[in-house]
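# Overview (structure and organization)
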Amino acid sequence: MSLFRNLLIQKQSARHDTPFQFALTIDTAKLGGLVWTYPLASLDVDETLQNAWIDWGDGNETRDLFTLLSSGQPVTHTYPAEGPYQVRFNHSINRGPSLANPTASVTDLSRRAIVSIDTPFLYLGTENGDYLLTTLLSLASVPDDLFLHNPQLTRFSYCFYSCSSLTSIPDNLFAANTAATDFSACFAGCSAVKSIPE
């Protein structure tokens, strides 16, 4: 076997074994129960989802996302005990879910359970970042490269609205979004944030 062919096979294998991943951490103590629903409503339902799955962080996975979302069913999981769990959305391509919901309520416990975003969003397929993290009341931290895979985003109106547990904003949060024009009320209701970077 030629060296080139051997390297090509290794590269293809690496792509298969290392999926694109979006990770967040939830705390089931904030649910009032042990059932959590992943907010996947914004994800395009197409056949590529046959190659996507969720690792719930407790040793369980859901791999039939295409079937569930095609039939309009929520993607839920019941945890064995209270505690923090890192939930990982995995995909064979760089495409992932948004958490945007302009009609989200502060009483939505599934959103309230999210305490941190641990990796950058995967590609969201839109230029609109409005309401992206709105009413995530328990969100305490986000990575400084949160929008690394989404330089096309130009709007961030109410993006972090009512993220009242967020205490600081990374200095380079919007470094990839050089074409962004609208940050109106982006951090409105973020009462614990002491300063917002220029």
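Right above here is the structure, for reference.
Here goes a summary of the coordinates provided. Every chain is numbered on its own, with residues counted from 1 as its sequence reads. Reporting in this predicted model follows two pLDDT cut-offs: at least 70 for local features of residues, and 80 or more for side-chain atom pairs to be given and counted; totals over whole chains, interfaces and linings ignore these cut-offs and use all residues. Calculated side-chain values reflect all of the structure's heavy atoms, with hydrogen atoms and water omitted.

### A word on the pattern of salt bridges
Salt bridge, as used here, is a side-chain nitrogen of Lys or Arg placed within 4 Å of a carboxyl oxygen of Asp or Glu. Under the defined criterion, the tally for this structure stands at 5 salt bridges. Salt-bridge contacts for aspartate 44 lead to arginine 95; the nearest nitrogen and oxygen are separated by 2.6 Å. With aspartate 44 in the loop between β2 (35–38) and β3 (52–55) and arginine 95 in the loop between β6 (84–91) and α3 (109–112), the pair connects residues that are 51 residues apart, well separated along the chain. A simple rule labels every residue: compare its accessible area, found with a 1.4 Å probe on the protein chains alone, to the largest value its type can have, and call it buried under 20%, exposed over 50%, or partly exposed in between. Its relative accessible area of 41% is what places aspartate 44 among the partly exposed residues. The shortest N-O distance in the salt bridge between arginine 155 and aspartate 182 comes to 3.2 Å. Separated by 27 residues along the polypeptide, arginine 155 in the segment after β7 (114–117) and aspartate 182 in the segment after β7 bring together distant segments of the chain. Note on arginine 155: relative accessible area 34%, which makes it partly exposed. Aspartate 182 gets classed as buried once you look at its relative accessible area, which sits at 17%. Taken together, the shared-partner salt bridges connect Asp130, Arg155 and Asp182 into one network. Each helix is a run of DSSP H or I of at least 4 residues and each strand a run of E of at least 2, with the numbering of both proceeding from the N terminus.

### Considerations on the packing of aromatic side chains
Two aromatic rings, drawn from Phe, Tyr or Trp (for Trp, its six-membered ring), form a pair once their centres lie within 6.5 Å of each other, and the interplanar angle then sorts them: stacked below 30 degrees, edge-to-face above 60, tilted otherwise. Counting across every chain of the model gives 14 aromatic pairs. With centroids separated by 4.9 Å and ring planes inclined at 20 degrees, the aromatic side chains of phenylalanine 22 and phenylalanine 121 adopt a geometry described as stacked. Of this pair, phenylalanine 22 sits in strand β1 (residues 20–27) while phenylalanine 121 is found in the segment after β7, placing the two residues 99 residues apart along the sequence. Phenylalanine 121 carries the same exposure label as phenylalanine 22, and that label is buried. Here a set of aromatic residues connected by ring pairs shows up, and it is made of Phe22, Phe121, Phe147, Phe156, Phe160, Phe174, Phe183 and Phe187. In our convention, an over-ring charge means Lys NZ or Arg CZ found within 6 Å of a ring centre and within 35 degrees of that ring's normal. Note that arginine 63 overlies the ring of tryptophan 53, its terminal NZ or CZ placed 4.2 Å from the centroid.

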